[in-house]
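# Remarks on the overall topology
Chain by chain, the residues run as shown.
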Amino acid sequence: SSVPGLAAMTAQQAPPEKGADGSSQPSDAAGAGAQRSMSGGPPRSFNRQTTVPRKPLDVEKLGDDPDILELRQSFDPQQLAVLSRLRSCDHSFAKKALPTRNPLLRAWQWWCAYLLPGMGMFSEAYFIFAIGNIEPLFEVQMPNCWACSEGTACTCNQTTVDNVQNIEISAIIVGMLSFGFVADVIGRKWGSRLTMIIMFIGACLLTGAYGPTDQVFLSVFCFSLFFYAVGVGGEYPLAASSAAERAEGDPELRKRRGEMVVLTFSQQGWGNFTNTLVILLLLAMQGATGPLTSREAELTWRLQFGVGAFICFCVTVYRWLYLEESEVWKAEHEGVQQELVDEGDKAALAGKRSWREHWVIFKWTLLNSGVSLVGYYFAAYTIDRKWMGRKRLQSMGFLMMFILYLPCGIWYNELVDHAIKWFQTLYFLSSFFNQFGPNCTSFLVAGEVFPTDVRAFFHGISAAAGKLGAILAASIFSQVDTATTFYCSAGAGIVGAVFTWIFLPDTTGLDLAEIDRYHRFMLAGQTENYHGPAVKPKHLSMYERWRGYGKHYDARLDAQQRKLQDMAAEREEWEHPPSKASED
């Protein structure tokens, strides 16, 4: 929508355009202004070299609009010129699917739009949860390695056997940090391709893992698992960032961004379910309903890995042939590089990646650190609702885990010995509220609170912090009894609820474009002059409000700055019209 009075003022400012015959024609600036979003920058066809600083805006040419005159009284011309360029790019890149009344075709379109992007998470969960599922099969095939007891000659290094999960988690952390950074440099498309290629190769290695002795097999298996898990780690920040940006690119889906991300993440639950189902079917096909033989155990775990490798292959082919780059990332990547050039950043001027945008986020970082499937979909349905949102959902999930785990610890022996159904009910409910709570929200919020151009990297850091917590929990739980484990889990639930309420911002209803716009102000050292929705108290954490970030919110001043930025964008477009090649 256009700013009131802007079209008329800018029409007077615009130079005459040339018609097809070379004669002067009336300016169409009013139409251009009407088509530009308030938060958006120049049209997508507008392109320029990002190693060349833009010419500072001459504020004297902006006319006598009352809002602009008020801004000129508040800021000197140099600072006003800086503020005029601190706008986010246009994020509208919707691609409409062909309308159809065919229910099967509509279901296919829905699956492609919401669930196909999450097939990387499906593959990740299929293999990661498989490790726990196939350990009993390894114990049958190699009892003196995977089930070695005291007084028995072990054929494997037991420290390695005990730390298979930690090896897996360590590799996931490596992937989260490395591919999170890489995806912000080379883009979501190539980042997603690389992670899935690594996962496919790792899946093949796991399927064919072999060794002449149990110890050699264990070494080959651990290497293959580490290799695969690096790709898994990269899938976390890429899946979250890509899903959030797909929703952001479609104006009709922006208010359902949480639903889009959670549905992508829900494929993790289907991967877990499918792996268990495949193992059961393979055992049934062999007639292995009683004690297993070594051959039946080996055939089962190799074939279930083979099924997963085929799934990885299909996803790899899809991503190589059909996956498109995130248009939101492309727009913001170019826009941020241009801002760094305008700020005189040496790396950006040389056409290189600048670490400045990472450091500024470290300085202003927002803190975040069957039954399951139902929890995923409950979360997808409620997470964008104003009465629920991210923060309430995560707080509720943590609180319910505290309530459900505590009695499991207090009455563990009584429940297990005399009321096993009640114990199972409590445990299943805790699983439900884990998915209908922090498991979904921590994946979603880390993909929203950070600016687009560094989103994958910082999501990777957030996710890696979670995996470090998993390693810590595994180390503690291995040293205590089961009842104490439930006590620790209950304590973690109440601590998580308190930390969520104090430190977690609420991005429900906040456009990612506004977070990107706030990022521009950070890069320019103008955070105190940002007055937009990103610092509106309802979106801030209790800690941020206590720090006084919300005092800068001022809708009237923000509207004035948006008008200034839109006018500057229009003038920049007139002074640097797009070439015919860029329009094509």
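All figures in this text were calculated on a predicted structure; none of them were measured in a lab.

Once that is clear, we can look at the packing of aromatic side chains. Applying the stated criterion across every chain, the model contains 31 aromatic pairs. Pairing Phe 181 with Phe 457 gives two aromatic rings, centres 5.8 Å apart and planes at 80°, and the pair type is edge-to-face. Assessed through its relative accessible area of 23%, Phe 181 is described here as partly exposed. With a centroid separation of 5.7 Å and an interplanar angle of 85°, the aromatic rings of Phe 423 and Phe 486 are classed as edge-to-face. Highlighted residues: Phe 423 in helix H20 (residues 420–445) and Phe 486 in helix H22 (residues 482–503), separated in sequence by 63 residues. There is no split in this pair, since Phe 423 and Phe 486 are both buried. Members of the aromatic cluster, joined through ring pairs, are Tyr 126, Phe 127, Phe 138, Trp 146, Phe 217, Phe 221, Tyr 228, Trp 301 and Phe 305.

It is worth spelling out a nonpolar patch on the surface at this point. Taken together, Val 185, Ile 186, Trp 190, Leu 194, Phe 310, Phe 313, Val 317, Trp 320, Leu 321 and Tyr 322 make up a surface patch of nonpolar side chains, about 970 Å² in accessible area. The greatest single-element share of the nonpolar patch, amounting to five residues, is contributed by helix H13 (residues 294–321).

Between helix H11 (residues 214–248) and helix H21 (residues 455–477), the shortest axis-to-axis distance is 8 Å and the interhelical angle comes to 130°. The pairing of H11 with H21 is recorded here as oblique in orientation. The interaxial crossing formed by H11 with H21 has right-handed handedness. Contact residues: Tyr 236, Pro 237, Ala 240, Ser 241 and Glu 245 in H11; Arg 455, Ala 456, His 459, Gly 460 and Lys 467 in H21. For the contact of H11 with H21, the class distribution of residues is four nonpolar, three polar and three charged.

Counting residues in hydrophobic clusters, the biggest one holds 91 residues, and the most contacted among them are Trp 146, Phe 221 and Phe 305. Residue contributions to this core peak at 15 residues, all from H11. Counting residues in hydrophobic clusters, the runner-up holds 30 residues, among them Leu 71, Val 82, Leu 83 and Leu 86.

Definitions and limits used
Residues numbered from 1 in each chain as written. Predicted model: local features only at pLDDT ≥ 70, side-chain atom pairs only at ≥ 80, totals over all residues. Heavy atoms only, no water. Phe/Tyr/Trp six-rings, centres within 6.5 Å; stacked < 30°, edge-to-face > 60°. Buried < 20%, exposed > 50% of the residue type's maximum accessible area, 1.4 Å probe, protein only. Helix = DSSP H or I, 4+ residues; strand = E, 2+ residues; numbered from the N terminus. Patch = residues over 30% accessible without salt bridge, like charges linked within 9 Å, V, L, I, M, F, W, Y side chains within 5 Å. Areas by Shrake-Rupley, 256 points an atom, 1.4 Å probe, with all protein chains shown as cover. Salt bridge = Lys/Arg side-chain N within 4 Å of Asp/Glu carboxyl O. Axes fitted to C-alpha atoms, helices over the stretch in contact; angles between N-to-C directions. Parallel < 35°, antiparallel > 145°, perpendicular 65-115°, else oblique. Left-handed = near helix turned anticlockwise from the far one by under 90°. Contact = heavy atoms within 4.5 Å. Nonpolar A, V, L, I, M, F, W, Y, C, P; charged D, E, K, R; others polar. Core = buried A, V, L, I, M, F, W, Y, C linked by side-chain atoms within 4.5 Å.

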